[in-house]
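# What the coordinates show
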Amino acid sequence: MVEGVRVYGGWRDDLGLKIIPSKKVAKDLYEIYIGPQHPGSGHMRITIRVDGDIIVEADPDIGYVHRTMEKLGEIRGWIRPIPLFERMAIHDACNITLPYVLAVEKLMGVEPPLRAKYLRTLLCEINRIGAHLYGFAIFGVFLGHSTMYMWAMGDREVFIELAEALTGARLTHSYPIPGGARRDIPADFPDMARRAVKYLRRRLDEYAKIFLNNPVIRSRLEGVGVIPKRAAAEMGLVGPNARGSGIDYDVRLVHPYDAYPELDFEVPVFEEGDALARTYVRVEEIKQSLRIIEQAVEWLEKHPREPIVDKYLYGKYPPLHKKVLESEGRAKLLPTVAAMKVPAGRAIGRAETGRGETVYYVESDGG
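Please read all numbers here as calculations on a predicted model, not as lab measurements. (Residues numbered from 1 in each chain as written. Predicted model: local features only at pLDDT ≥ 70, side-chain atom pairs only at ≥ 80, totals over all residues. Heavy atoms only, no water.)

### What about the environment of Ala193?
Counted only if it meets this: Secondary structure elements are defined from DSSP: runs of H or I of at least 4 residues count as helices, runs of E of at least 2 residues count as strands, and each element is numbered from the N terminus. The rule is simple: take the accessible area with a 1.4 Å probe, protein chains only, and divide by the maximum for that residue type; under 20% is buried, over 50% is exposed, in between is partly exposed. Two residues form a contact once any of their heavy atoms are found within 4.5 Å.
Along the chain, the position of Ala193 falls in helix H6 (residues 189–212). The buried category is assigned to Ala193, whose relative accessible area is 1%. Taking the C-alpha atoms as reference points, Ala193 and Val297, 104 residues apart in sequence, are found 7.7 Å from one another. In contact with Ala193, not counting residues within four places along its chain, are Leu162, Ile293 and Val297.

Structural data, given as C-alpha cells:
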C-alpha cells in the first residue's frame, strides 16, 4: 500500500489488487464508495466525497435486497412462513410476525380469544423493550460509550428470559398463530414480569445519569441530524424516528389491534427532530411498554383458564391434544393445521414494530 500508485477508480498495490474504489469528480475532490453493507441492515452503501481527509458530502444509497420471503410464502402454506418472517427482525419477533397473522385471520374470518390477544400483546411489548435496548447498546458503542453497550445488552437479557418463560424460545418464538397463541403464561410469570418492570424502571434513571444527561453524549446528539416534521412525512419515516420529528402516529392507537384498545398508554412525541429527540422517544416508549406489561399481566391473572385458541383450531384437536392444551397451556400445531386452507380473498395486516409500522398484504386463491 505504501508503494501504491493512484489510478482512476482506486488504488493498486504491488500485487495489482484494486482497493478503495474512487474517482476524481473535481479538483482535490474524490468520490469513494463505502459498502454495500450486510443485507441484514438493508444492503446500504454510502457514497462520500472527500477533500483530503475531510468528508464534504455523504449520500446514503439505500438498496433493496429481495430476501425471497414473498416467493417462499407462495409455497409454504399459511403457518410455515411465520418463523421465516421472524428473521427480518430477530429481536422483535412477535411484532414483525403479528401483522401477518392478523391479515390471515381476516381472510379466515377468525377472531382469537381475548386471552390470546392479551398474550400476544404482552410478548409484543417485551420484544419492543428488547429491541430498543439492543438499539441503545449499539448506539452507545458507536458514540464511544462502551458502558452503555454493556448495560443495555445485560438488561436486555432480563426481557429475553421473560420472553423465553412465556414462549419457550429466547429470540424467535413463532408465538402468534391464526386464531390464537401457542402458550399460556406459567404460574410464576406474573411475579417474574413485575420484578423485571421494577428493575428496568430503576435502571432507566441510571441510564439518564450516565448516558442521556452526559454532556459529551448530548453534544453529539443535540441539534444533530435534524429532520423537520414535513421532511419526515415526505420521506415516509415511521415509528420512533417519525415521532421524534413531531409526527403523532402509532398503529397501536390509530389502527388498534389485539388487546391494545383495552390498555391505557401514551405515545411519546418530540418536536425537535434531532438525534437526541429520537433517542428520548425510545426511552419514553420503554416506559410505556412497562405500563402495558403491568396491565396485561394483571388482566391475565384475573382471567385464568380462558381459551388461548379459537373454536376453529380447538375443534381440530384430538382428545390428547385437548388435554395438553387444558392442563399445560400449550397449543400444539397439528399437520392438518399446518396444511390448512384459507378462503380466497385479499387482506392487509399492520402493526407497530420496534422500528415502526410494518404492513403485510396477503392474497389467497382458496388453496
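### Some points on the nonpolar core
How we decide: By nonpolar core is meant a set of buried Ala, Val, Leu, Ile, Met, Phe, Trp, Tyr and Cys residues that side-chain atoms within 4.5 Å join together.
One finds Tyr100, Leu122, Phe159, Phe189 and Ile293 to be the most contacted residues of the largest nonpolar core, which totals 83 residues. If we skip the residues at most four places from it in the chain, Phe189 touches Leu122, Ile126, Leu162, Ala165, Leu166 and Val297.

### What about the pattern of salt bridges?
We count it as follows: What makes a salt bridge here is a side-chain nitrogen of Lys or Arg within 4 Å of a carboxyl oxygen of Asp or Glu, nothing more.
Scanning the model with the defined rule gives 27 salt bridges in all. Residue Asp191 pairs with Arg195 through a salt bridge whose shortest N-O separation is 3.2 Å. Here the residue Asp191 and the residue Arg195 both occupy positions in helix H6, the gap between them amounting to 4 residues, near one helical turn. Notably, a salt bridge pairs Asp250 with Arg252, separated by 2.8 Å at the nearest N-O pair.

### Some words on the layout of surface pockets
To be explicit about the condition: For cavity detection a 1 Å grid was placed over the protein atoms alone, and a set of points counts as a cavity when a 1.4 Å probe fits there but cannot get out; an open set counts as a pocket when protein lies on both sides within 12 Å along at least five of seven lines, with lining residues being those that have an atom within 4 Å of a point. Grid points are joined across faces, edges and corners, and a volume is the space filled by probe spheres set on the points. Amino acids are sorted into nonpolar (Ala, Val, Leu, Ile, Met, Phe, Trp, Tyr, Cys and Pro), charged (Asp, Glu, Lys and Arg) and polar (every other residue, Gly among them).
Roughly 510 Å³ of volume is contained in the second largest pocket. Elements represented by at least two residues in the lining of the second largest pocket include exactly helix H5 (146–167), helix H11 (275–302) and helix H13 (319–328). The element best represented in the lining of the second largest pocket is H13, accounting for 4 residues. Its residues assigned to classes, the lining of the second largest pocket shows 13 nonpolar, 2 polar and 9 charged.

Read these as geometric descriptors, not functional statements.
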